[in-house]
Amino acid sequence: MATTDAGGRGATGGAGGFVADPDVCAAYATDVSGLREVPAAVVRPTSTAELLDALERARIDRLPITAAGAQTSTTGASIAAPGGAILSTRRLDGIVDLDVGARRVRVQPGVVLADLNRTLAEHGLFFAPDPTSENEATVGGSVACNASGARTLRYGPTRAHVAGLTLALADGRTVELRRPVLEKNTVGLIPAQDPVDWFVGSEGTLGVVVEAELALLPLPPRVVGLGIPFPDEASALAFVVAARTSEGVDPRCLEYFDPVSFGFAREAQGSGAWQDSEGTMVYLEEAGDDDPDFDAWLSLAEAHGARDHAIAVFDDEGQLRDARRFRHACPAAMHEATGPYLAAGGRRISTDWAVPFPEAADALAEARRAAREHGVDDPVVYGHLGNGHPHLNWVARDPDEVHRIEACVEEILKRTVLPRAGTVAAEHGVGKLKARWLPLQMSDLQIGLMRAVKRELDPHDLFGRGNIFDSNTP
Ligand SMILES: Cc1cc2nc3c(=O)[nH]c(=O)nc-3n(C[C@H](O)[C@H](O)[C@H](O)COP(=O)(O)OP(=O)(O)OC[C@H]3O[C@@H](n4cnc5c(N)ncnc54)[C@H](O)[C@@H]3O)c2cc1C
């Protein structure tokens, strides 16, 4: 690790650039989770030096500080700890270096993913991770959450595309980490061999991403999207499993929409590509040098009872943009539907669990049954079913409903998800909302190991306090 001491730099104006103006603080009090904590102060650095000064100030004052990008976290990860501050990276949105030949880009943490990809497209490149929030989400937030998206089916999550990180640590050092390039190595225990992996997915608890070096891919010459409607959930999900396991087709994403979310998607469509259709829908993309094998897709769809007269084809850039818009419409519509209930203590509840993909249909059927048994609404379901990863969504109208729905979700996790070797959180992280469910999935030994790393790097628990580690977790 190359390290630099931040000590000599000094904190600007003795305050590190923090402001405590109530209006400014209130503007950073929430993320998309619906949780609220007005920070005691906010700092919005415009340069790396200012960022490091602010952290130095926080270190001296023992001020808990939570990094925040676009605050699209659905788990409360980007709101402050009680009495703590927010470090907003939004103004650190520069591309530091782009090496087209090496397919590498070095960026500041506040760069928005969609902006990055617009720039990269001019050079025939792209950054593969595509969370549905890509128009808002920042690189720093995506690295810290190990975000993924529809295309993760083909390209993997953010972790796979992080080549190196520059981090500010809680003790005032700045470290440069790079992925090991060795093909063989037997030195040390695996958890210690590649420290980049400690920080990807650490939700701001171990260090602040000051710069990230990202690995890029060449833009595929041809991308085609297909929207295939099915009469019901069972046939759509059987199709999804077949699409992952059949010869002749090679999807890079397999997204599922139940009838309610399909309705949101249809309303948001810009191109009119959708035929009038009811039921459920699978959206998929193929990417490569040539057209996909349309006949292979058609016969697979027909074999699973698709409404094949209503299949929509998205095959130019504008249409593919529309397709992305309808995917985004689902979380946006749920978020909007929750708005009127926030003041009364309601909020949106959205699950992020995943199971091995062949088990997703059974898991989803069990989850819908559990909702009925708990007397809560049927969830609105959409998501990355190609990865066995549905999002179940509810609008809880008041605290009592929040409680009942969360009890139902907890039972789904215990009875349906974890017995299938699933995960409590597949892409949105644990944050503050899901911290209490960590011990359902991880042993005391695993949590103890993570706590030891946290203690070593941040003994005063200043960074991202409350994320991942619940105070009740052993
Ligand atoms: C409509 C919608 C759709 C979404 N779809 C997806 C999806 O498809 N896939 C997915 O994975 N997620 C999704 N999310 C969740 C969220 O958008 C992602 O986790 C995103 O990567 C967060 O980016 P952000 O800039 O908003 O981070 P924030 O919400 O600001 O922060 C998230 C976490 O990162 C930490 N952090 C931020 N910047 C830094 C930094 N510089 N250094 C260290 N830690 C930092 C924060 O402390 C926090 O723990 C969605 C959210 C919404 C609202």
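Before reading further, recall that the structure is shown in the block above.
Because the structure is predicted, anything quoted here is derived from the model rather than measured.

Section: helix H13 (residues 399-417)
Count 3.6 residues to each turn of an α-helix, and residues three or four apart come out pointing the same way.
Thought 1: Between its first and last C-alpha, H13 extends 25 Å over 19 residues, near the 27 Å set by a 1.5 Å rise per residue.
Thought 2: Among the residues of H13, Glu401, Val402, Ile405, Glu406, Cys408, Val409, Ile412, Leu413, Thr416 and Val417 are the ones counted as buried. Buried residues in H13, looked at end-on, bunch into an arc of 160°, giving them a common side. For H13, the exposed residues set more than 90 degrees away from the buried face come down to His403 and Arg415.
Thought 3: Buried residues along H13 sit against strand S16 (347-350), helix H12 (360-373) and strand S18 (389-396).

Some remarks on the site of the ligand
Thought 1: Residues in close proximity to the ligand total 36 residues, the closest being Ala67, Thr72, Ser133, Thr138 and Ser148.
Thought 2: A distance of 2.6 Å separates a nitrogen atom of the ligand from a polar backbone atom of Ser148.
Thought 3: With the chains in place, 97% of the 970 Å² that the ligand exposes on its own is no longer accessible.
Thought 4: For the shell around the ligand, the elements supplying multiple residues, two or more each, are strand S3 (65-68), helix H4 (139-145) and strand S10 (208-215).
Thought 5: Per element, the largest residue contribution to the shell around the ligand is 5 residues, and it comes from H4.
Thought 6: When grouped by side-chain class, the residues that make up the shell around the ligand number 14 nonpolar, 20 polar and 2 charged.

Observations regarding the side chain of Arg151
Thought 1: Along the chain, Arg151 falls in the loop between H4 and helix H5 (152-155).
Thought 2: Judged by its relative accessible area of 9%, Arg151 is buried.
Thought 3: Within the local environment of Arg151, its side chain forms a polar contact with the backbone oxygen of Ala128, the two atoms lying 3.2 Å apart.
Thought 4: Residues in contact with Arg151, not counting those within four places in the same chain, are Asn117, Phe126, Phe127, Ala128, Asp130, Gly156, Arg252, Cys253 and Arg324.

Quick notes on helix H10 (residues 294-303)
Thought 1: All of the buried residues in H10 are Ala296, Trp297, Leu300 and Ala301. For H10, the arc enclosing every buried residue in end-on projection is 130°, short of the 170-degree limit, so these residues lie on one face. Those residues of H10 that are exposed and angled more than 90 degrees off the buried face are Asp295 and Ala303.
Thought 2: Of the surrounding secondary structure, the elements contacted by the buried residues of H10 are strand S12 (222-230), helix H8 (233-245) and strand S14 (280-288).
Thought 3: For H10, the side-chain oxygen to backbone nitrogen distance between the N-cap and Asp295 is 3.2 Å, and the N-cap itself is Asp293.

Notes on the packing of aromatic side chains
Where two aromatic rings form a pair, the distance of their centres and the angle of their planes describe that pair.
Thought 1: Counted by the stated rule, this structure contains 5 aromatic pairs.
Thought 2: Seen in terms of ring centroids, Phe239 and Trp297 are 6.0 Å apart; in terms of plane orientation they differ by 50°. Their pairing is tilted. Placement of Phe239 in helix H8 and of Trp297 in helix H10 is noted, with a sequence separation of 58 residues between them. When sorted by exposure, Phe239 lands in the same class as Trp297, which is buried.
Thought 3: Judged by centre distance (5.7 Å) and plane angle (75°), the ring pair of Tyr283 and Phe314 falls under edge-to-face. Taken together, the residues Tyr283 in strand S14 and Phe314 in strand S15 (residues 312-314) connect sequence positions 31 residues apart. Exposure class is identical for Tyr283 and Phe314. Each is buried.
Thought 4: Here the aromatic cluster, defined as three or more aromatic residues joined through ring pairs, consists of Phe230, Phe239 and Trp297.
Thought 5: Above the plane of the ring of Phe357 lies Arg244, whose end atom (NZ or CZ) is 4.0 Å from the centre.

Topic: the environment of Ala312
Thought 1: Positionally, Ala312 belongs in strand S15.
Thought 2: You can call Ala312 buried: its relative accessible area is 1%.
Thought 3: Distance from Ala312 to Gly464, taken between C-alpha atoms, is 44 Å for residues 152 residues apart in sequence.

Criteria and thresholds
- Residues numbered from 1 in each chain as written.
- Predicted model: local features only at pLDDT ≥ 70, side-chain atom pairs only at ≥ 80, totals over all residues.
- Heavy atoms only, no water.
- Helix = DSSP H or I, 4+ residues; strand = E, 2+ residues; numbered from the N terminus.
- Expected span 1.5 Å × (residues − 1).
- Buried < 20%, exposed > 50% of the residue type's maximum accessible area, 1.4 Å probe, protein only.
- Arc of directions from axis to C-beta.
- Contact = heavy atoms within 4.5 Å.
- Near = heavy atom within 4 Å.
- Polar contact = N/O pair within 3.5 Å; in protein donor to acceptor, adjacent residues only side chain to side chain.
- Areas by Shrake-Rupley, 256 points an atom, 1.4 Å probe, with all protein chains shown as cover.
- Nonpolar A, V, L, I, M, F, W, Y, C, P; charged D, E, K, R; others polar.
- Phe/Tyr/Trp six-rings, centres within 6.5 Å; stacked < 30°, edge-to-face > 60°.
- Lys NZ or Arg CZ within 6 Å of the ring centre and 35° of its normal.

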